[in-house]
Amino acid sequence: MKDVVISGTGLFTPDQSISNDDLVESFNAWVRKFNEENKDAIAAGKIEAEQESGSEFIVKASGIQSRYVIDREGILDPNRMCPRIPERPNDEDSLQCEMGKIAGLEALERAGKKGADVDAVFVACSNMQRPYPAMAIELQNALGCGGYAFDLNVACSSATFGILTAANAVRTGTAKAALVISPEICSGHLNFTRRDSHFIFGDACTAVLIEAADTCTSPNAFEILGTKAVTQYSNNIRNNFGFLNRCDESGIGKEDKLFVQNGRQVFREVCPMVAELIGGHLEELGLAPDAVKRFWLHQANLGMNQLIAKKLLGKDAPEDKTPVILDEYANTSSAGSIIAFHKYQDDFASGELGVICSFGAGYSIGSVVVRKK
Ligand code: CO8
């Protein structure tokens, strides 16, 4: 078994962003329009009037201030409430490939490697823009990588489960170096007309290069001390979009074909599971939570992260122990914990410890314990 390292990370951030105030303004315009168009049915008690949203609620409930998106205009158009992302011809890079290429090239550069040094590519994210050919195979080709490639999806935990898959491939010699790429276009499957969740998600793409310690020349490398994953079935975060939808016309276009969640229950149920998984993982490795310099946690909700850190450490954690990117990026699904890792790792000295942890739909939780080389 080989020792494995994360030798480089990369990030693609869209060039358009939406503040809470902008999002709420368009949402409330949509609400007024909906209520006006349906005033008779509302008055007759056949449907409920929609309620307006508010920036103050969003910040208080989640910590989110803004989000990056692929297309601002389509989302903010009260007559559309959905990004405008034109289809591309088959001989052009697909959008997820384009995002992945930018993040992947940065990860390779930080690791001092070329595409040809990589012989496994995993696209790990919540939604693939098509079923086949695999997005990962398109990216393998676009980055000039060899070996093999496949897609994997465990919702918000896709990147950490991807790191686990890549680390095992390198550890056992199935691959020499593996890229895990997470192009999250969350705006494509978010219902912007749902008050309880229209503000939650943003778009971004991350990349992580994993290779054997003995080939690594990167000054940015972290040894992977261990990976751990757990899943437990829950319907509290669900999306029923799928290839069988067309076989029952009555369901086409219904709300459940986009992201739906019971956010409060997710909050309550997932936090203790995450603290238990990270605590148990550190214990197995003979490490105390206090010895960890930084927890790069999944970026869904500020209150969740504060609670998880408190459960682990027995006290409130200082801000730099659990860095926050969701204020600027919102929830970018599997990319979130990796964005935090990418942006908040340069102050690490050799030997210092960190934990990357994601959690979300499934439920699924993934933990990666690392030590700076
Ligand atoms: N403006 C004003 N008021 C509002 C709004 C709004 N926009 N929305 C709700 N309210 C009101 C409600 O009506 C309610 O009022 P009342 O108390 O009078 O009934 C009150 O505010 C509280 O509402 P909630 O209980 O809904 O609010 P919470 O405090 O629970 O906050 C959150 C909602 C922020 C969603 C919170 O519950 C949360 O973050 N939970 C954790 C969610 C989480 O971590 N989910 C992970 C999902 S991501 C994942 O797994 C990946 C899926 C794949 C990606 C999909 C991409 C689209």
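The structure displayed is predicted, hence computed values, not measured ones.

So, on to the sheet that holds strand 12 (residues 353–360). What the nine strands build is an open sheet, ordered 5-4-6-7-1-8-13-12-11; its pairing is mixed. On the outer flanks of this sheet lie strand 5 (148–152) and strand 11 (292–297), each paired with one strand and no other. Direction aside, neighbouring strands of the sheet carry axes that sit 25° apart on average. Along the sheet, helix 9 (residues 302–313) makes contact with strand 11 and strand 12, crossing strand 11 at roughly 145°. The sheet strands contacting helix 11 (residues 335–343) are strand 1 (4–12), strand 6 (177–185), strand 7 (203–212), strand 8 (222–231), strand 11 and strand 12, and the helix crosses strand 1 at an angle near 100°.

Moving on, we get to the pattern of salt bridges. The tally for this structure, following the rule as stated, stands at 22 salt bridges. Note that Lys 39 and Glu 36 form a salt bridge whose closest N and O atoms lie 2.8 Å from each other. For Glu 36, a relative accessible area of 46% gives the class partly exposed. Salt bridges here are not isolated pairs; linked through shared partners, they connect Lys 293, Arg 294, Asp 347 and Glu 352.

That bond from Tyr 132 to Pro 133 is cis: its omega, -5°, falls within 30 degrees of zero. In this fold, Pro 133 is placed in the loop between strand 4 (120–124) and helix 6 (135–142). The omega torsion across Gly 362 and Tyr 363 is -5°, close enough to zero to call that bond cis. Turning to its location among the elements, Tyr 363 is positioned in the loop between strand 12 and strand 13 (364–372). Of note, the phi angle at Met 81 is positive, near 55°, even though the residue is not glycine. Unusually for a residue other than glycine, Ala 155 sits at a positive phi of about 50°. Inspection of the secondary structure puts Ala 155 in the loop between strand 5 and helix 7 (158–171). Using a relative accessible area of 15% as the deciding quantity, one classes Ala 155 as buried.

Looking now at the side chain of Lys 113. Within the element layout of this structure, Lys 113 appears in the loop between helix 5 (95–111) and strand 4. What makes Lys 113 buried here is its relative accessible area of 17%. Side chain to side chain, Lys 113 and Glu 211 meet in a polar contact 3.2 Å long. Among residues more than four places away in sequence, those in contact with Lys 113 are Leu 108, Leu 209, Glu 211, Thr 215, Cys 216 and Thr 217.

Right, let's get into the site of the ligand. Every one of the 26 residues lining the ligand counts as a neighbour, but Cys 156, Gln 261, Arg 264, Asn 301 and Ala 361 are closest to it. Note that a nitrogen atom of the ligand is positioned 2.9 Å from one of the backbone N or O atoms of Arg 195. At 2.7 Å, a backbone N or O of Ala 361 approaches an oxygen atom of the ligand. Taken by itself the ligand offers 1200 Å² of open surface, and the protein chains cover 75% of this. Mapped by element, the contributors of at least two residues to the shell around the ligand are helix 3 (55–62) and helix 8 (263–284). Looking at which element gives the most residues to the shell around the ligand, the answer is helix 8, with three residues. Here the shell around the ligand is built from residues that sort into 13 nonpolar, 10 polar and three charged.

The next subject is the nonpolar core. Formed by 46 residues in total, the largest nonpolar core has its most connected members in Val 274, Ile 278, Phe 295, Val 355, Cys 357 and Phe 359. Broken down by secondary-structure element, the contributors of at least two residues to this core are helix 1 (20–37), helix 4 (72–76), helix 8, strand 11, helix 9, strand 12 and strand 13. A per-element tally of this core places helix 8 first, with eight residues. Once you skip the residues sitting within four places of it in the chain, Phe 359 turns out to touch Cys 156, Ser 157, Val 270, Val 274, His 298, Met 304, Asn 305, Ile 308, Ser 364 and Ile 365. In terms of nonpolar packing, the next biggest core, distinct from the first, is built from 37 residues, Ile 224, Tyr 329, Ile 339 and Ile 356 among them.

So, on to the packing of helix 1 against helix 3. At their nearest, the axes of helix 1 and helix 3 sit 9 Å apart, and the two run at 125° to each other. Looking at the two axes, helix 1 sits oblique to helix 3. Of the two possible hands of crossing, helix 1 and helix 3 adopt the one that is right-handed. Within the contact between the two elements, helix 1 uses Asn 20, Asp 21 and Val 24 and helix 3 uses Ser 55, Ile 58 and Val 59. For the contact of helix 1 with helix 3, the class distribution of residues is three nonpolar, two polar and one charged.

Each value, and the rule that gives it
Residues numbered from 1 in each chain as written. Predicted model: local features only at pLDDT ≥ 70, side-chain atom pairs only at ≥ 80, totals over all residues. Heavy atoms only, no water. Pairing = 2+ DSSP bridges. Helix = DSSP H or I, 4+ residues; strand = E, 2+ residues; numbered from the N terminus. Axes fitted to C-alpha atoms, helices over the stretch in contact; angles between N-to-C directions. Contact = heavy atoms within 4.5 Å. Salt bridge = Lys/Arg side-chain N within 4 Å of Asp/Glu carboxyl O. Buried < 20%, exposed > 50% of the residue type's maximum accessible area, 1.4 Å probe, protein only. Polar contact = N/O pair within 3.5 Å; in protein donor to acceptor, adjacent residues only side chain to side chain. Near = heavy atom within 4 Å. Areas by Shrake-Rupley, 256 points an atom, 1.4 Å probe, with all protein chains shown as cover. Nonpolar A, V, L, I, M, F, W, Y, C, P; charged D, E, K, R; others polar. Core = buried A, V, L, I, M, F, W, Y, C linked by side-chain atoms within 4.5 Å. Parallel < 35°, antiparallel > 145°, perpendicular 65-115°, else oblique. Left-handed = near helix turned anticlockwise from the far one by under 90°.

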